[in-house]
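Coordinate inspection notes
These are the residues of each chain, in order.
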Amino acid sequence: MKKSWIVFGCALFALAVLAAAPFIGMERIPLSALWGGTENDARVGILWKLRIPRVLMAFLAGTALSAGGTSFQALFRNPLATPFTLGVASGASLGATVCFFLGGDFAWWGVPGVTIGALLGALLTVLLVALFAARAPAGATTATMLLAGVALSFFFSSLILFLQYLSDPTQTFRILRWTMGGMANVVGLDEVLLVLPFVVTGCLLVAYLIHELNLLLMGEDFAVSRGVALRGVKRTLYFAVSLMVGAVVAFCGPIGFVGLIVPHVCRLLVGPDHRALLPAALLTGGAFLVVCDTVGRTVLFFTTTAPAEIPVGVITALLGGPFFLWILLGRRSGPGEF
Amino acid sequence: MNNADVVLRAEHFSYACGGKTILRDVSFSIGRGQYVAIVGPNGAGKTTLLKCFDRLLDGGAGTLEIDGRPRQSYRQKDLAKRLAYVPQADSRQIPFTVEQFLLMCRYPYLSAFAAVRKTDREAVRQAMASTGTLEFAERILSTLSGGERQKVYIAAALAQDAAIWLLDEPTTFLDYRRQQEILALLAQAKREFRATIVAVTHDLNHAVLEADRVLALKDGSVVFNGPPAEMMIPEVLQRIYGTELLLVQHPQAGMPMIVPRKNNA
């Protein structure tokens, strides 16, 4: 009973953040802008074309990354697993880097070339890992998958550095800026509507496997013996997480840390049972990223006069890192335990 | 043995992993309600055999049948309704309370978004009552002792409503009292639920006292399959374990028992 109240609290928190965030920013926007105001009012445009899409995108991204982290930590039974564990983020970054390197200032159906490159990079990585898993010997455990993902990440990172080395300073700057992650490019609802189906499908698939996630925590032999069709479940989870995380990374860049800490914080709040943990992580993750993005686009406003913002990927770790360490100090069980 | 009563059957089953043959041409059958001990030296393939039946390991040549159907023909959930693997009470971290854990073991009967039904709760209560684990229903599994944990794993097999239990060294690492308790539980399951019990063990004395039949593996092959009394002969034991074992008479059962040999005697 207590747990469902905490999940309810997470929902209220998420709603409050979603409602408040669009009205926070450099330009003060009155509540009346919501229901129109005057057609030509710039503030109506800012609210509907910039702020609301951006807040929604941040929420979707946070949700997807937390869902990915939660399911990968259970699947790999490893507290350090993140949605990027299988190399999706570095694959997407490589795709984006190649586009920057080739001077990809093109767009396709209104989607920027860099986004398409990143999406292709993410999907290609998923394919590579899947191929690896299919060809690996029957005894290949999840640990092998984990190592394959890490190896792939390092390989892609080297390729990115190599391309950066060959690039001119402007390109290098744009690549670096992209890999910090951010929502600054979100204008209008089109991109949100593009990402939405990916995230919804991914989250539904993960939610469908909620009992399986619980059983996987106990060890694969236990899960199989309780009737979990391990191969199919693993494949579905890889696919679901890669799909939604790939889409998010393509539009927002590789935003770190959310997928690692949100599941852990929620585990401390509601315990390890995924029936409570997953909804809590989805709601908190979304809200957390909205808060980080809001801080990122407002905090410099108080120190400088020029409108400027800090990429959200920087904020997540700046805010989340110390907070997470503080939480680790306060908990009783060791970090290896879920 | 009547064919309809055979619940587990291996026919010319071989299994290899990484180029190494672990089971070679294994054939035997186990009847409903039997208690069969699987013994043999380390690395003989005992645990592998259990895991192959439960499809924790797939592949291999030849057939393994459960209730008259090859194992591949089952959906994993349907297999779990017949077969339960009971692992060793090892140090794995399970962060749930005993009751939560047992409810999760009702997995073959749960559907994705449905709430836990009353029948599930009752099955779990019943399983805890039969195994004497009700008193730690609210304890986190990872905090239980080895003996308590082994009882909970057995309760899981009960909650899962599986009639065939595959146990991997159920009494290893337990003190004498817990060993007796676990063996009493297994005897009770066989008596009251007509459970078929297949237990891998290194404890030949227990095997002789409890089991209807003993299956001995050596280097992946069946080297003995018969009533326990026929195994407790120095020559047979020598063939299985490759060492000379010392036998004495059990004061109650009158059966030969193995006692440790004293060095430099």
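Heads up: these notes are all about the structure in this document. (Residues numbered from 1 in each chain as written. Chains lettered and ligands numbered in written order. Predicted model: local features only at pLDDT ≥ 70, side-chain atom pairs only at ≥ 80, totals over all residues. Heavy atoms only, no water.)

1. Comments concerning the environment of C252 of chain A
All names here are of chain A.
- Position of C252 relative to the elements: it lies in helix α10 (residues 230-252).
- Sequence separation between C252 and V312 is 60 residues, and the spatial gap between their C-alpha atoms is 9.2 Å.
- The residues touching C252, leaving out its near neighbours within four places in the chain, are M57, A61, G181, G182 and M183. (Helix = DSSP H or I, 4+ residues; strand = E, 2+ residues; numbered from the N terminus. Contact = heavy atoms within 4.5 Å.)

2. Some details on unusual backbone geometry
Residue and element names in this part refer to chain B.
- Although it is not a glycine, R55 sits at a positive phi angle of roughly 60°.
- As for its position among the elements, R55 is in the loop between α1 (46-53) and β4 (61-66).
- The backbone of F173 shows a phi angle near 70°, a positive value even though the residue is not glycine.
- Along the chain, F173 falls in the loop between β7 (164-168) and α6 (176-192).

3. Re the packing of aromatic side chains
- Per the counting criterion, the structure on display carries 9 aromatic pairs over all chains.
- Arranged with centres 5.3 Å apart and planes meeting at 65°, the rings of F222 of chain A and Y153 of chain B form a pair that is edge-to-face. Residue F222 of chain A is located in helix α9 (residues 220-225), and its partner Y153 of chain B is located in helix α5 (residues 146-159); the two belong to separate chains.
- Ring centres of F28 of chain B and F53 of chain B lie 6.2 Å apart, and the angle between their planes is 65°; this geometry places the pair in the edge-to-face category. Within this pair, whereas F28 of chain B is found in strand β2 (residues 20-31), its partner F53 of chain B is found in helix α1, the two being separated by 25 residues in sequence. Each member of the pair, F28 of chain B as well as F53 of chain B, carries the same accessibility label: buried.
- Pairwise contacts between aromatic rings join F72, F76 and Y238 of chain A into one cluster. (Phe/Tyr/Trp six-rings, centres within 6.5 Å; stacked < 30°, edge-to-face > 60°. Buried < 20%, exposed > 50% of the residue type's maximum accessible area, 1.4 Å probe, protein only.)

4. So, the side chain of T316 of chain A
All names here are of chain A.
- Within the element layout of this structure, T316 appears in helix α13 (residues 312-330).
- Exposure remark for T316: the relative accessible area of 0% places this residue in the buried category.
- A polar contact is formed between the side chain of T316 and the backbone oxygen of G256, at a distance of 3.1 Å.
- When sequence neighbours within four positions are dropped, the list of residues in contact with T316 reads I255, G256, F257, V258, F288, L289, C292 and G321. (Polar contact = N/O pair within 3.5 Å; in protein donor to acceptor, adjacent residues only side chain to side chain.)

5. Considerations on the packing of helix α3 (residues 88-101) of chain A against helix α4 (residues 113-135) of chain A
Residues and elements named next belong to chain A.
- For the pair α3 and α4, the least separation of the axes is 7 Å and the interaxial angle reads 140°. Relative to α4, the element α3 lies oblique. Regarding α3 and α4, the two cross each other, and that crossing is right-handed. Counted together, V88, G91, A92, G95, A96, C99 and F100 of α3 and G113, V114, G117, A118, G121, A122, T125 and V126 of α4 form the full contact between these two elements. (Axes fitted to C-alpha atoms, helices over the stretch in contact; angles between N-to-C directions. Parallel < 35°, antiparallel > 145°, perpendicular 65-115°, else oblique. Left-handed = near helix turned anticlockwise from the far one by under 90°.)

6. Digging into the environment of A118 of chain A
Residue and element names in this part refer to chain A.
- Summarising the element assignment, A118 is placed in helix α4.
- C-alpha of A118 to C-alpha of A247: the two residues are 129 residues apart in sequence and 8.5 Å apart in space.
- With residues near it in sequence (within four places) discarded, A118 still touches A92, G95, A96, W178 and A250.

7. Description of empty space enclosed by the protein
Residues and elements named next belong to chain B.
- Considering all chains together, one arrives at 3 cavities of 30 Å³ or more under this definition.
- Looking at the largest cavity, its volume works out to about 80 Å³.
- If you go around the largest cavity, the residues you meet are Y35, A37, P170, T171, L183, A199, T201, H206, A207 and E210.
- Where the lining of the largest cavity is concerned, the elements lending two or more residues are β3 (35-39) and α7 (204-210).
- Among the elements that take part in the lining of the largest cavity, α7 stands out by supplying 3 residues, more than any other.
- Of the residues assigned to the lining of the largest cavity, the class counts are 6 nonpolar, 3 polar and 1 charged.
- Computed from the structure, the second largest cavity encloses a volume of approximately 60 Å³. (1 Å grid on protein atoms, 1.4 Å probe; cavity = no way out; pocket = protein on both sides within 12 Å on 5 of 7 lines; lining within 4 Å. Points joined across faces, edges and corners; volume = space filled by probe spheres on them. Nonpolar A, V, L, I, M, F, W, Y, C, P; charged D, E, K, R; others polar.)

8. Some words on the sheet that holds strand β8 (residues 196-200) of chain B
Residues and elements named next belong to chain B.
- Strand order in this open sheet of 6 strands is β6-β7-β8-β3-β9-β10, and the pairing throughout is mixed. With partners counted over all chains shown, the strands left at the sheet margins are β6 (83-86) and β10 (221-226), one partner each. If you compare each strand with its neighbour and ignore which way they point, the axes differ by 15° on average.
- Against the sheet, α1 contacts β3, β6, β7, β8 and β9 (213-218), and its axis sits at roughly 145° relative to β7.
- Taken strand by strand, α5 contacts β6 and β7, and its axis lies near 170° from that of β6. (Pairing = 2+ DSSP bridges.)

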